[in-house]
Amino acid sequence: MNALDSIDSKQSLGAICLMMVISLGTLQIQPILGGALIDQLGVPLNAIGAIFAAELIAMAIACGACALLMARVDRRRFALVALLILAAGNLVSTQLHSQAWLVVFRIICGASGGAVMAVVYATAALRRSKDATFAVINIGNLLWGMLLVTSMPLLLRGFGVQGAFCLLAITSLLAALGCWRIPRHYPDAQRIAHGAARPFGLTSMLLIALFALLFFGHSALWVYQERIGKSLGLEPQQIGAILGGSILAGALGAGLSGLIGRRLGLLFPQLLSFGTALLATLIMVYGDSTVAFATTACLIHMVWFFSLPYLLSMAAELDPSGRLAGLGNAAIFVGQGLGPFGSALVVGEGHFRAVGWLAACAYMLALTSSCLVVARFRRVVKPFWQALATQSP
């Protein structure tokens, strides 16, 4: 049985899940790894955002560019090469101490991770149960993140920053073992779907911007949450446990969105998510207690993954070919990369309230934009699907 025939198997799903979580690189451990880079290697506070921003922007560009190649390349070999480059980049990172070289090799790792991600999305699209596939991948990302965040303080204490990068390299090599589960080529039967692709309009552009705003706001604060916890006098193990719990809260948010579905419509979940994130962000940076820090960290992560499925479902309905969802994913990483970069510009020597206001402004803009996006979505999608139904034999 070849990889295409077994694409719907649990083994194939496990392989692409592992590749997906590895492709995220340092994304889920940015606050803790950033703190270690400051404490152990003496990297300046305002340089942390630039290092992680470079990695994530490279990931976004590579993911978007490679997604356009998936119909023409040998996907299995493509993924294998990308994973080997990712492993090599992380191994080299264990020996680096200068900010400039860290930026260079995090760009390399980010680009290779984006290439792996493009293969994962293309392969997942071949499975029959696409909704369930992406749900499992999303849950896998969150559970992997929780495991990393909760164990990272112990790893950093025992093996330092080098141990963290070495772990990422080893897991990249393990993920490469599953490449044989990836179909080599795009099946000919999949080349014709939904007729000619429609050009993107204003609604699509606004939706792409909403993806970026969502992740800009979250990542701007996320990258400095470890420092915020430390400023409250929390121990590294306590901070790791809180941030790990917040990732678990994200899984809860994703699960709730799946259970609720469209019962609350499309607009109310966005208003609830962005409004809650805005308030929780300001409470985190102005609060002075462990309870406030832990509660808001969990709330922010929960609404983060509660709103995301609604945005993805709108993208899929606006463009059944999947191009818009792919661009939305690229926009996610652009926002994820620009968030730390923006926070690095305002944090100075520890002005975390300025970071909080930066994130809050992004949420406010997203809150108002979501009203326009949903209104336009309702006008665009209904006539489109009615036209398709009319054309059906």
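All values derive from a computational prediction rather than experimental measurement. (Residues numbered from 1 in each chain as written. Predicted model: local features only at pLDDT ≥ 70, side-chain atom pairs only at ≥ 80, totals over all residues. Heavy atoms only, no water.)

Asker: How should I be thinking about the nonpolar core in this particular structure?
Answerer: Nonpolar side chains tend to gather and get buried jointly when the protein is soluble and globular. Membership of the largest hydrophobic core comes to 119 residues, with the highest contact counts inside it found for Met19, Leu83, Leu207 and Phe333. The element contributing the most residues to this core is helix H6 (residues 130–176), with 14 residues. Apart from the residues lying within four places of it in its own chain, the contact partners of Leu83 are Met19, Ile22, Val116, Ser172, Ala175, Ala176 and Cys179. (Core = buried A, V, L, I, M, F, W, Y, C linked by side-chain atoms within 4.5 Å. Buried < 20%, exposed > 50% of the residue type's maximum accessible area, 1.4 Å probe, protein only. Helix = DSSP H or I, 4+ residues; strand = E, 2+ residues; numbered from the N terminus. Contact = heavy atoms within 4.5 Å.)

Asker: Just to check I follow, could you spell out the side chain of Ser273 for this structure?
Answerer: By secondary structure assignment, the location of Ser273 is in helix H10 (residues 267–286). Residues contacting Ser273, with those up to four places away along its chain left out, are Val303, Phe306 and Ser307.

Asker: Mind showing me how you'd approach the packing of helix H4 (residues 75–93) against helix H5 (residues 99–124) here?
Answerer: Helix packing for two helices is described by the angle between their axes and how far apart those axes are. Where H4 meets H5, the closest approach of the two axes is 8 Å, and the angle between their N-to-C directions is 150°. For the element pair H4 / H5, the angle class is roughly antiparallel. Helix-helix and strand crossings are classified by hand; for H4 and H5 the assignment is left-handed. Residue-level contacts link Arg75, Phe78, Ala79, Ala82, Leu83, Ile85, Leu86, Gly89, Asn90, Val92 and Ser93 of H4 to Phe105, Arg106, Ile108, Cys109, Ser112, Gly113, Ala115, Val116, Val119, Ala122 and Thr123 of H5. Its residues assigned to classes, the contact of H4 with H5 comprises 14 nonpolar, 6 polar and 2 charged. (Axes fitted to C-alpha atoms, helices over the stretch in contact; angles between N-to-C directions. Parallel < 35°, antiparallel > 145°, perpendicular 65-115°, else oblique. Left-handed = near helix turned anticlockwise from the far one by under 90°. Nonpolar A, V, L, I, M, F, W, Y, C, P; charged D, E, K, R; others polar.)

Asker: How should the packing of helix H3 (residues 45–67) against H5 be read in this particular structure?
Answerer: Packing of H3 against H5 leaves a shortest axis separation of 7 Å and a crossing angle of 30°. Between H3 and H5, the interaxial angle falls into the category roughly parallel. Crossing of H3 over H5 shows right-handed handedness. Contacts from Ala47, Ile51, Ala54, Glu55, Ala58, Met59, Ala62, Cys63, Cys66 and Ala67 in H3 reach Gln99, Leu102, Val103, Arg106, Ile107, Gly110, Ala111, Gly113, Gly114, Ala115, Met117 and Ala118 in H5. Looking at the contact of H3 with H5 residue by residue, the classes come out as 16 nonpolar, 4 polar and 2 charged.

Asker: I keep staring at the packing of aromatic side chains and nothing clicks. Help me out?
Answerer: How two aromatic rings sit relative to each other is set out by the distance from centre to centre and by the angle between their planes. Summed over all chains, the structure comprises 5 aromatic pairs. Aromatic side chains Trp101 and Phe105 sit 6.2 Å apart centroid to centroid with 40° between the ring planes, which places their arrangement in the tilted category. With Trp101 and Phe105 both in helix H5 and 4 residues apart, the pair spans about one turn of that helix. Residue classification places Phe105 among the buried residues on the basis of a relative accessible area of 18%. With centroids separated by 6.3 Å and ring planes inclined at 50°, the aromatic side chains of Tyr224 and Phe352 adopt a geometry described as tilted. Placement of the pair is Tyr224 in the loop between helix H7 (202–222) and helix H8 (225–231) and Phe352 in helix H13 (residues 352–391), with a sequence separation of 128 residues. Accessibility classification places Tyr224 together with Phe352 in one group, the buried group. Of the aromatic side chains, those joined through ring pairs into one cluster are Phe215, Trp304 and Phe305. (Phe/Tyr/Trp six-rings, centres within 6.5 Å; stacked < 30°, edge-to-face > 60°.)

Asker: For this particular structure, what's the right way to read the environment of Leu142?
Answerer: Within the element layout of this structure, Leu142 appears in helix H6. Residues Leu142 and Ala249, 107 residues apart in the sequence, show an inter-C-alpha distance of 9.1 Å. Not counting residues within four places of it along the chain, the set of residues in contact with Leu142 comprises Gln28, Ile247, Gly250, Ala251 and Phe305.

Asker: I tried to follow the confidence of the model for the protein chain on my own but got confused; where do I start?
Answerer: Interpreting fine coordinate detail is not advised for predicted regions of low pLDDT. Looking at the protein chain, pLDDT values average 83 and 89% of them are 70 or higher. Across the protein chain, the element-wise mean pLDDT spans from 79 in H13 up to 95 in H4. Predicted confidence for residues 384–393 stays below pLDDT 50, and this span has 5 contacts to residues more than four positions away or in other chains. (pLDDT = per-residue confidence, 0-100.)

Asker: So what exactly am I meant to see when it comes to the environment of Leu234 here?
Answerer: Tracing the chain through its elements places Leu234 in the loop between H8 and helix H9 (236–260). Between the C-alpha atom of Leu234 and that of Ser289, which follows or precedes it by 55 residues, the distance is 9.8 Å. Once you skip the residues sitting within four places of it in the chain, Leu234 turns out to touch Gly229, Ile239, Ile242, Thr290 and Phe293.

Asker: I would appreciate a short explanation of a nonpolar patch on the surface in the present structure.
Answerer: A cluster of nonpolar residues, Val81, Ile85, Trp101, Val104 and Ile108, forms a patch on the protein surface that exposes about 430 Å² of accessible area. For the nonpolar patch, the elements supplying multiple residues, two or more each, are H4 and H5. Of the residues forming the nonpolar patch, the biggest block, 3 residues, is contributed by H5. As for its position among the elements, Val104 is in helix H5. (Patch = residues over 30% accessible without salt bridge, like charges linked within 9 Å, V, L, I, M, F, W, Y side chains within 5 Å. Areas by Shrake-Rupley, 256 points an atom, 1.4 Å probe, with all protein chains shown as cover. Salt bridge = Lys/Arg side-chain N within 4 Å of Asp/Glu carboxyl O.)

Asker: I keep staring at the state of the cysteines and nothing clicks. Help me out?
Answerer: Covalent bonding between the sulfur atoms of two cysteines is what defines a disulfide. Under the defined criterion, the tally for this structure stands at 0 disulfides. For the unlinked cysteine Cys63, the closest cysteine sulfur is that of Cys66, found at 7.7 Å. A residue is classified by how much of its surface remains accessible, and Cys63, at 4% relative accessible area, is buried. (Disulfide = S-S within 2.5 Å.)

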